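Each chain, written out:
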Amino acid sequence: AAADGLGSIAIDTTQLNMSVTDPTAWATAMNNLGMVPVGLAGQQLVTDSICVPGFDPSLSMMTGITPINPMIPGMGLVPPPPPTDVPVVKEIIHCKSCTLFPPNPNLPPPSTRERPPGCKTVFVGGLPENATEEIIQEVFEQCGDITAIRKSKKNFCHIRFAEEFMVDKAIYLSGYRMRLGSSTDKKDSGRLHVDFAQARDDFYEWECKQRMLAREERHRRKMEEDRLRPPSPPAIMHYSEHEAALLAEKLKDDSKFSEAITVLLTWIERGEVNRRSANQFYSMVQSANSHVRRLMNEKAAHEQEMEQAKESFKNALTGILTQFEQIVAVFNASTRQKAWDHFSKAQRKNIDIWRKHSEELRNAHSEQLMGIRREEEMEMSDDDSGDNPTKKLRVDDSALAAQAYALKEENDSLRWQLDAYRNEVELLKQEKGQLFRTEESLTKDQQLQFLQQTMQGMQQQLLSIQEELNNKKSELEQAKEEQTHTQAMLKVLQEQLKSAKELAEINGHDESQANEINVLTVALVNQDREKNSEKRSPGLKSEKEALLIGIISTFLHVHPFGANIEYLWSYMQQLDSRISANEIEMLLMRLPRMFKQEFTGVGATLEKRWKFCAFEGIKTV
């Protein structure tokens, strides 16, 4: 015993001589853990006196009732597990081929790894070297049904059970010392270490089970949603003359009016109304209108009931307020010195609290009652005053007005019926004699009208084009006249220049005087051009041109180096898409003192740019 490390354990000889088939020690050990004791082979674990008499395991398959496990703790058949703060006392466990000795109770419990999900496999280490698979199965099959045992050559093995709860029973044996028979050889003894093992089969079964539970949960939720979903509205039947006749009868019935009016609305929205069915729909709409008077009468009845309820509520509130006043009067009387001195300090405090609470409730109810009265007064002020002499006449004439309204309604209904009959007669005449034009004639008239409209539009476009052409011709003639005039002026100036040069040579003037003559000649030419441009450029034709000049002036002012006509036209296109580049250029040429054109670049890079020169031109004017 000292060699095996069991010297600290006092072993009674009576336990060593105990019969192997006696299950007392094993059952005691398992009960200490709080688990159901699993007995040895060939032994009845639970007596017939504990089991439910006449219990049939196949009862759940036939009736669908889940059987009650008599071994569940807390059901009254097996005592509940001991509390966790009480230390578990482990005892010696005897088997046929070996004996299991409990560990030292003073030592800490053996450590285990985190339990994998769906774990059914345990790792058993510290087995004796001479332990066989049969001995291992003999020891651990008492924890439950064993599916497989995988034994290694290095004194450990893996055991897979049928259920997950059997693993907890196997973990209980961790720390026990196992001895084969009565041998004291080291190869026949070893300290067991039982721990959770991670197996792919266990994890796969656990995932399958979780997916099955998830499917069941989704099915259950779907069934619950289907059960709680409101029923679908009944399908609306298609329109036919027979269905229309039935619907007309339902519209006259007060109890079936809501259902019938829904069908009528659906038919109208579907477009079932045509020339043939217009009279039937008109009669049904008329029947729907006849329910307006009934609904107004029901509304008046409900309003009368509401007024009665308001009156009863006001009376009840008045009675409650009166009782509150009495209770407050009792509290005020109790606080007077004549009775107040006889109460104790605690009683006075309670009475004071009760009095304040009652006063608050009384004030709240009083404000509510006053609010109701103010609302009634406002309603009365909206109506005619009681002193009005015509009020009694109105009350007396109400019955006559109701009778007149009823007669008016009846007259209207008869007139509508007469209109319906007239429509039917006209429809029959139209079908027989074809009094009105056919659809083909209508389409021809529409086409003819459309062609007339297009012709008018084309004529207007042609007139506008002709006007533009006349304007262009006039502008071209003016340009030709200006060109001939400038050529004539140029010839005259050249002749003058030649004569001036000859005179200068004769008189012996120097070159500086000749240059002055050239400058003067150029100035005269420019002045002549400006005069011609002033004569040529007429005033502004419209407000649109003024706006264009302002926008172009602002644009060119922020571009001091000028801009070409394409850039300027692209900017103006954003403001007015109908304007053209030619129109902008003509406007700029008409105002030479505001805009001037310059050439920049050489050769292929030659570019025309327009600049804003109004500030320079106003100085020269």
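Looking at an unreviewed UniProt entry, one finds the chain named ENOX1 protein and attributed to Setophaga kirtlandii. Listed under Sequence similarities (unreviewed entry) in UniProt, the entry text for the chain is "Belongs to the ENOX family."

Draft legend 1. Main features of the overall build of the chain. The helix and strand tally for the chain stands at 19 helices and 10 strands. For the chain, with 621 residues in total, the buried portion stands at 22%. Sequence separation of 24 or more characterises 64% of the internal contacts of the chain that already satisfy a separation of 6 or more. Accessible area of the chain: about 45,000 Å², with a carbon and sulfur share of 56%.

Draft legend 2. Local environment of the packing of aromatic side chains. Following the criterion strictly, the structure yields nine aromatic pairs and no others. On the numbers, 5.2 Å between centres and 85 degrees between planes, the contact of Y239 with W267 is edge-to-face. Remark: W267 occurs in helix α8 (residues 257-270) and Y239 occurs in the loop between α6 (200-228) and α7 (241-252); sequence separation between them is 28 residues. Note on W267: relative accessible area 0%, which makes it buried. Centroid distance F555 to Y571: 4.7 Å. Interplanar angle 20 degrees. Geometry classified as stacked. Taken together, the positions of F555 in helix α16 (residues 543-557) and Y571 in helix α17 (residues 565-575) put the pair 16 residues apart, joining distant regions of the chain. Judged by relative accessible area, which is 8%, F555 ranks as buried. Residue Y571 is classed as partly exposed on the basis of its relative accessible area, which comes to 31%. By the ring-pair criterion, three or more aromatic residues cluster together here, those being Y239, W267 and F281.

Draft legend 3. Region of interest: a negative patch on the surface. A cluster of like negative charges, contributed by E303, E307, E375 and E379, occupies part of the molecular surface. Counting residues per element, the ones that place at least two in the negative patch are α10 (291-334) and α12 (345-382). Within the secondary structure, E379 is located in helix α12. Residue class for E379 comes out partly exposed when judged on its relative accessible area of 42%.

Draft legend 4. How the structure looks around the sheet that holds strand β1 (residues 93-94). One open sheet holds the four strands; their spatial order is β1-β2-β6-β7, and the pairing between them is antiparallel. Strands with a single pairing partner mark the edges of an open sheet, and in this sheet they are β1 and β7 (189-191). Both β1 and strand β2 (residues 98-101) contribute to a ladder of two bridges, which runs antiparallel. The residue bridging I93 from the neighbouring strand is L100, located in β2.

What counts and what doesn't
Residues numbered from 1 in each chain as written. Predicted model: local features only at pLDDT ≥ 70, side-chain atom pairs only at ≥ 80, totals over all residues. Heavy atoms only, no water. UniProt positions renumbered as here; feature names shortened; annotations may be inferred. Helix = DSSP H or I, 4+ residues; strand = E, 2+ residues; numbered from the N terminus. Buried < 20%, exposed > 50% of the residue type's maximum accessible area, 1.4 Å probe, protein only. Contact = heavy atoms within 4.5 Å. Areas by Shrake-Rupley, 256 points an atom, 1.4 Å probe, with all protein chains shown as cover. Phe/Tyr/Trp six-rings, centres within 6.5 Å; stacked < 30°, edge-to-face > 60°. Patch = residues over 30% accessible without salt bridge, like charges linked within 9 Å, V, L, I, M, F, W, Y side chains within 5 Å. Salt bridge = Lys/Arg side-chain N within 4 Å of Asp/Glu carboxyl O. Lys, Arg positive; Asp, Glu negative; His and termini not counted. Charge placed at Lys NZ, Arg CZ, Asp CG, Glu CD. Pairing = 2+ DSSP bridges.

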